[in-house]
Amino acid sequence: MPRETPADVLQGTLDLLVLKTLALEPMHGWGIAQRIQQLSREALTVGQGSVYPALLRLQNRGLIDNEWGVSENNRRARYYRITALGRKELKAETDDWRRYAQAVELILGAV
Amino acid sequence: MERELDEEMGFHLEMEIAKNVKAGMAEVEARRAAVLAFGGVDRMAEAHRDARGTRVVEDIFADLRYAARSLARAPGFVAVSIFTLAISIAIGTALFTAVNGLIYRPLPIPDGDRLISIYTSDYNGRERRGSSSYADLVDFAREAEPVADLAGQARVMFALTINDNVKLVTGSLVSSGYFRVMRVRPEAGRFPSVEKPDVPSIVLSYTLWRTAFGSDSSAIGRSVRVNGQPFTILAVAPPVFRGTSRENADEFWIDATFAPLVSPRDDFLERRGNRAFHLFGRLRNGASLDALKSRLDVVASRLYQAEPDAWRDTTGSGRVVTAMLEHDGYMASIQLPDLLAIIGGVVALGFGLLAIACANLASMQLARGAARRREIATRLALGASRGRLIRQLLAECALVTVPGTIAGVVLAVMTSTLVSHYRPIPLPSIDLSLDWRALAFIAGALMLALLVFGLLPALQTVNADVLTDLKGEHGGSRGARIGGMRGGLIVVQVALSVVFTAASGLVALALMRNASEGRDEARKVLIARLNFLPAGGDSARVRTLVDELIARINAIPGVVSTSAAEFIPVRGTRRTVMAEVRDAARQTKKRELDVTAVAPRYFRVVGIPLLRGRDFEPRDVGVGYRTVIVTKAMADALWPGEDAMGKRIVINDKSSAEVVGVATDPLGQGPATEHSYPGLLYLPMNLRAEAEVILHVRAPSRQAAIAGQLAQMLHRESTRIVAPDVITLDEYYNRVVLPQRIMARASGVLAALQLLLAVAGLSGLVAYVTTLRRREIGIRTALGASGRSVIVLVMRQGVRLTLIGGAIGLLLSLAVSQVIAATMPVTVPVMVGGLVLAAGIFAFVAMIAMLLPACRALDVAPAVALRVD
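This structure is a prediction, so every number in the text was calculated from the model and none was measured.

## Focus: the overall build of chain A
The helix and strand tally for chain A stands at four helices and five strands. For chain A, the residues scored as buried account for 25% of the 111 residues in total. Residue pairs in contact within chain A that sit at least 24 positions apart in sequence constitute 51% of those at least 6 positions apart.

This is the structure in structure tokens:
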């Protein structure tokens, strides 16, 4: 049953999604929000105000770092990039999430 | 940092706007939508800045404002904290300053640390730091002249007549040059010159000048009488200078050369054996202490040859002269146990006080911290950072600590200034200027205590599991018990509170009993204390004088009879003789008995009923001790079960006296301490000129008028006698218990304070438990628990802690009552009454303090309590 309005990203999963996005390519904050929306085929929207706190959190944990670069429209922008530690964390969290989602699915699928 | 943040936010918005425009929105609309989607640029930036910690300075003001608002809701907490802090700082500093001044600081005179003391060893050669005679001083000074300037002073008590008022005052006979050696400058007038002044002159202390002349500078040059002889006031000493003794204050100084004029019986100047003078000195520029010592040794050996009688000690060798720094000498003169007792006592008192203050502050902070767990948890959940919260709590601590410390410091400075400059009480020469190190230490300790105890619960909360705290669930099982520290603090507070309440109650009750019982008789007796001046002549003439006086007093209309005593027996003071008594088993025993000596008709005059025998009569006095009168208590103690009449007592190994009467025991000696009260032995009075005599006059009515006539009559004799004032015996008893009255007041104030703190602690505890157990109470009520069982539930802990603290407090009170009993008539009913009163007051107040918050638990509607969580 497709929903009319896109769902907000669940708290706690945002970090995972941001990491995944950055694992694809370094990106600026706005781009990350757009990319999540786009990859989820508009099913998820990221509260734009929560992207930056999430970025800061990840940065404080050493999972990502940043540098200033030039954007596609020739503006100065801060680009975030995943670190080696971030990739390890991403793998671990992805596994966790899959286990969790399967478990939920099993329960919901029970007759 | 800030700029980069702005730039990043700006970039984001711009991208969003561009996207919206591409989607077909108007420029303005696109911007609005972008900002909305972002959730407000300002909020975002703020969250960032906060997290990056660049706002600390701006936040401090916000924190302080918030803290002020939050504290304004707990004015009692703030007031008590600030008050506790201020008082503890002031009292603690005063205590340490006093010890410091008394023991560790040199005399408060210029270059006091370089003043030198010179001692002569005593007659048995054991004590090296003895005093010297005036004749010795003269010899020492002459020999030491090239290396040092010497002076001496002898402590005396003379009758000073100022503006027709006669008073016995302590002061010193000093050698010429005394003030030069002390290096003090006069407050008014000029100190006597070194050459012998031809007119008898006197230097007054600042205190005496202020009280007797109202600090009037025209007092200089006026005349006062010293032991009846006229002296001219030459100068007034500065307020801080009270002589060279740290224990006694001098009120005046007279050149020793006038000693024969005022004290002809004591040969101060000529006799080598009259070692009344303490010697001091100043080294001349470049001279060494060793040079002075060797010169003094020369004098000592010369005097040993010339004056063998005065300069040989009991071991046969010559006396030894010692010179050392005055402060070293003073330190050496304090017995080690005394020193330890003083320092130990003050340190214990000081730290005890600090401990109580810290306990109170800590307990209040802990209670407050606990009550705020939920508030803090809520704020954490709303996204406040932990560091931010700690800063916030620190700001709150500061709002209490800073004013409290400032008030304490101001109070300490004021006390010190008042005491060291105005000397409201006759304190001896002690340097009581403010000790900044002590002040800093005490203020630091208290602030630290406040911070530690203020932050501990806060840190605990900040690190706690937010969800649990938020849900209030930890009240269910693990948090319901009060931490050991908090419980301990409450027990301590309850115990202290009970002790202080009991002590003040005891003293108040004892005073009441003292003031009411048997005082009717004491109100009918006027007393006048007489001291005889040299002009009064020898003992025989003094006896005639007193007889004459008594005859004249008896002639005053309204006077029934007149007698005299050497001493008024009151609790806390005693005079004793050694007596030999043969008991029932015909065994002779030596024991020490409490005595006073009284004149004929004493018992009739004072209104003490004689149970057996007779009063003293004129034939009993002046013939040694041939007859005595004992009190009932003493008779029972010496000859239990026998008739005391006719028994014999040998006094001081010579006079064998017969018991001719048995009197009731005097006032204030109650049955509670009967086992320790030994009774009183009355001896017939043998008047001597050196002794003090207290006239007792029975006047059943018009006491005030008769007292006036009596005072006038005595005043006319002021060349021969000093009689400071005429008061009733009742008034005298009241004056005797003045320290206890002050103690009762102070103890009462402390008791009220402690009660307040203990009650606040208990009430806070119950409120805390109630809050913690809201959920449980809701469930219980829903399941049909009665209101009573709910109250029991929340009050159980408080009651338990109160009972433990109360029991400890009552035990301590018993010990305290023993101390009080040493100076006050504490009878069994008084003691039981005092303790029951204390326990009762405390139990009552504590119950109310706990019931009020407990009743709030009853208001917990089950549905609300459950839903809230």
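Alright, that's what it looks like, and here's the rest.
## Quick notes on the overall build of chain B
Across its full length, chain B carries 29 helices and 22 strands. For chain B, the proportion of its 869 residues judged to be buried stands at 40%. Relative to all contacts within chain B whose residues are 6 or more apart in sequence, the contacts with residues 24 or more apart total 81%.

## Side note on the packing of helix H1 (residues 13-24) of chain A against helix H4 (residues 84-109) of chain A
Residues and elements named next belong to chain A. H4 packs onto H1 with a crossing angle of 130° between their chain directions and a minimal axis gap of 10 Å. In terms of orientation, H1 and H4 fall into the oblique class. The handedness of the crossing between H1 and H4 comes out as left-handed. Contacts between H1 and H4 involve Leu-16, Leu-19, Lys-20 and Ala-23 on the former and, on the latter, Gly-86, Arg-87, Glu-89, Leu-90, Glu-93 and Trp-97. The residue makeup of the contact of H1 with H4, split by class, is five nonpolar, one polar and four charged.

## Focus: the sheet that holds strand E4 (residues 64-70) of chain A
Residue and element names in this part refer to chain A. Ordered by their spatial adjacency, three strands build an open sheet running E2-E5-E4, and the pairing between neighbours is antiparallel. In the strand order of this sheet, the two ends are held by strand E2 (27-28) and E4, each with one partner. Looking at chain direction, E2 and strand E5 (residues 76-82) are connected through two bridges and run antiparallel. Pairing of His-28 across the sheet is with Tyr-79, part of E5. Along the sheet, H1 makes contact with E2, E4 and E5, crossing E5 at roughly 100°.

## A look at the pairing of E4(A)
All names here are of chain A. The sheet contact formed by E4 and E5 spans seven bridges and is antiparallel. By the bridge assignment for E5, Asp-65 is matched with Arg-81. The hairpin turn running from E4 into E5, its antiparallel successor, is five residues long, and Asn-74 in that turn takes a positive phi close to 60°.

## A closer look at unusual backbone geometry
Here the phi dihedral of A:Asn74 falls at roughly 60°; this positive angle occurs in a residue that is not glycine. Assignment of secondary structure puts A:Asn74 in the loop between E4 and E5. Exposure remark for A:Asn74: the 7 C-beta atoms within 10 Å place this residue in the exposed category. One non-glycine residue, B:Arg702, lies in the positive phi region at around 50°. Along the chain, B:Arg702 falls in the loop between strand E20 (692-698) and helix H23 (703-715).

## Some thoughts on the nonpolar core
Residues and elements named next belong to chain B. Of all hydrophobic cores here, the largest spans 129 residues; its most connected members are Ile-202, Leu-526 and Val-628. For Val-628, the residues in contact, after removing those within four places along its chain, are Ile-649, Ala-657, Val-659, Leu-681, Tyr-682 and Leu-683. With 35 residues, the next largest nonpolar core counts Ile-490, Ala-495, Ala-510 and Leu-801 among its residues.

## So, H1(A)
In this model, H1(A) (twelve residues) spans 17 Å end to end at C-alpha, consistent with the 16 Å of a helix rising 1.5 Å per residue. Those residues of H1(A) not exposed but buried are A:Leu14, A:Asp15, A:Leu17, A:Val18, A:Leu19, A:Thr21 and A:Leu22.

## Considerations on the packing of helix H6 (residues 134-144) of chain B against helix H10 (residues 289-306) of chain B
All names here are of chain B. As a packed pair, H6 and H10 sit with axes 9 Å apart at the nearest point and diverge in direction by 135°. If you check the angle between H6 and H10, you find them oblique. Crossing hand, H6 versus H10: right-handed. Residue-level contacts link Asp-139, Phe-140, Glu-143 and Ala-144 of H6 to Leu-292, Arg-295, Leu-296, Val-298, Val-299 and Leu-303 of H10.

## What to know about the environment of B:Gln229
All names here are of chain B. Following the sequence through the fold, Gln-229 ends up in strand E7 (residues 229-236). Residues Gln-229 and Leu-160 lie 69 residues apart in sequence; the distance between their C-alpha atoms is 9.3 Å. Discounting chain neighbours no more than four positions away, the residues touching Gln-229 are Pro-200, Leu-261 and Val-262.

## Remarks on the pairing of strand E18 (residues 655-663) of chain B
Residues and elements named next belong to chain B. Pairing of strand E15 (residues 610-613) with E18 involves three bridges; the strand directions are antiparallel. Each residue of the ladder has a partner; that of Leu-610, found in E18, is Ala-663. Bridging between strand E16 (residues 627-631) and E18 involves five bridges; their strand directions are parallel. Each residue of the ladder has a partner; that of Thr-631, found in E18, is Ala-663.

## Structural notes on the confidence of the model for chain B
Residues and elements named next belong to chain B. On average, residues of chain B score 79 in pLDDT, and 79% of them reach the 70 mark or higher. Ranking the elements of chain B by mean pLDDT puts helix H3 (residues 41-52) last, at 52, and strand E9 (residues 278-283) first, at 94. Long-range and interchain partners of residues 472-482, a stretch whose pLDDT sits below 50, account for 22 contacts in this model, where long-range means more than four residues apart. In this model residues 669-675 is a low-confidence stretch, pLDDT under 50, and it forms twelve contacts with partners more than four residues away in sequence or in other chains.

## Digging into helix H24 (residues 729-736) of chain B
All names here are of chain B. Listed as buried for H24 are Leu-729, Asp-730 and Tyr-733. Looking straight down H24, one finds that the buried residues subtend no more than 105° of arc, so they occupy a single side. Those residues of H24 hidden inside the fold are in contact with helix H19 (519-523), strand E11 (525-532) and strand E22 (726-728).

Quick notes on the rules
- Residues numbered from 1 in each chain as written.
- Chains lettered and ligands numbered in written order.
- Predicted model: local features only at pLDDT ≥ 70, side-chain atom pairs only at ≥ 80, totals over all residues.
- Helix = DSSP H or I, 4+ residues; strand = E, 2+ residues; numbered from the N terminus.
- Buried ≥ 20, exposed ≤ 12 C-beta atoms within 10 Å, placed from the backbone.
- Contact = placed C-beta atoms within 7 Å.
- Axes fitted to C-alpha atoms, helices over the stretch in contact; angles between N-to-C directions.
- Parallel < 35°, antiparallel > 145°, perpendicular 65-115°, else oblique.
- Left-handed = near helix turned anticlockwise from the far one by under 90°.
- Nonpolar A, V, L, I, M, F, W, Y, C, P; charged D, E, K, R; others polar.
- Pairing = 2+ DSSP bridges.
- Core = buried A, V, L, I, M, F, W, Y, C linked by C-beta atoms within 7 Å.
- Expected span 1.5 Å × (residues − 1).
- pLDDT = per-residue confidence, 0-100.
- Arc of directions from axis to C-beta.

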